[in-house]
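# Coordinate inspection notes
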Amino acid sequence: MEGTKMRFIALVIGVLIFVSYGFSQCPIIPAPVTFVTAAGQFSFGEDIAINSDNAPSGIIDYAANRFTNTFGIRVVISPSAKQLVFKKVANVPTDYYSINVGETIIITYSSE
């Protein structure tokens, strides 16, 4: 169980790292306006399915490389994947982003 918890923490950090790369050429990630934690646990297991629709340019290759080489997780890329989904939104501030972790991880963003 301890290994699962450490793997989960490493995966969350990995998600934040590749989000920072994909959404900004600036090395500084803006601090979130709000940060809410909820009870529960989330685990990818042996692989992660990334939805290729609406993914920022370059993020799929970066994420696949990072998940595979850093965490040993096999990456499946598909337009119908439901585990990690990107949604581009309009009418929000530049560099807006939101990460919602539930049954699906949804990364909403305004600019690449």
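In what follows, the accompanying structure is described. Bear in mind that the values here come from a model prediction, so they are computed numbers and not experimental data.

Of regular secondary structure, the protein possesses two helices and five strands. Traced from its N-terminal end to its C-terminal end, the protein shows the element sequence α-β-α-β-β-β-β. Going through the 112 residues of the protein one by one, you find that 31% of them count as buried. Within the protein, counting contacts between residues at least 6 apart in sequence, those at least 24 apart form 65% of the total.

Next up on the list: the packing of aromatic side chains. Counted by the stated rule, this structure contains one aromatic pair. Aromatic side chains Phe67 and Phe71 sit 6.2 Å apart centroid to centroid with 50° between the ring planes, which places their arrangement in the tilted category. Of this pair, Phe67 and Phe71 are both found in helix H2 (residues 59-71), four residues apart, which corresponds to roughly one turn of the helix. Of the two residues examined, Phe67 and Phe71, each falls in the buried class.

For the rest of this paragraph, the subject is the nonpolar core. Judged by nonpolar contacts, the single largest core of 18 residues is most densely connected at Phe44, Ile48, Ile50, Phe67, Leu84 and Phe86. Sorting the residues of this core by element identifies strand E1 (47-51), H2, strand E3 (84-88) and strand E5 (105-109) as the ones contributing at least two each. Of the residues forming this core, the biggest block, six residues, is contributed by H2.

Within E5, four of the five residues are buried, leaving the element largely enclosed by the surrounding structure. Of the pairings in the sheet, the one linking E3 to E5 comprises five bridges and is parallel in character. Across the sheet, Val85 pairs through a bridge with Ile106, a residue of E5. Where strand E4 (residues 97-101) meets E5, five bridges bridge the pair, whose relative direction is antiparallel. Looking at E5, one finds that Ile99 is bridged to Ile107.

Following the sequence through the fold, Lys87 ends up in strand E3. Considered as a pair, Lys87 and Thr108 are 21 residues apart in the sequence and their alpha carbons are 4.6 Å apart. Those residues in contact with Lys87 that sit more than four places away from it in its chain are Asn54, Ile106, Ile107, Thr108 and Tyr109.

Along the polypeptide, Asn51 turns up in strand E1. Among the residues examined, Asn51 registers a relative accessible area of 8% and is labelled buried. Looking at Asn51, its side chain comes within polar contact range of the main-chain oxygen of Ala81, at 2.9 Å.

Reading the values: rules and limits
Residues numbered from 1 in each chain as written. Predicted model: local features only at pLDDT ≥ 70, side-chain atom pairs only at ≥ 80, totals over all residues. Heavy atoms only, no water. Helix = DSSP H or I, 4+ residues; strand = E, 2+ residues; numbered from the N terminus. Buried < 20%, exposed > 50% of the residue type's maximum accessible area, 1.4 Å probe, protein only. Contact = heavy atoms within 4.5 Å. Phe/Tyr/Trp six-rings, centres within 6.5 Å; stacked < 30°, edge-to-face > 60°. Core = buried A, V, L, I, M, F, W, Y, C linked by side-chain atoms within 4.5 Å. Pairing = 2+ DSSP bridges. Polar contact = N/O pair within 3.5 Å; in protein donor to acceptor, adjacent residues only side chain to side chain.

From the geometry alone we can't say anything about function, so treat these as descriptive.
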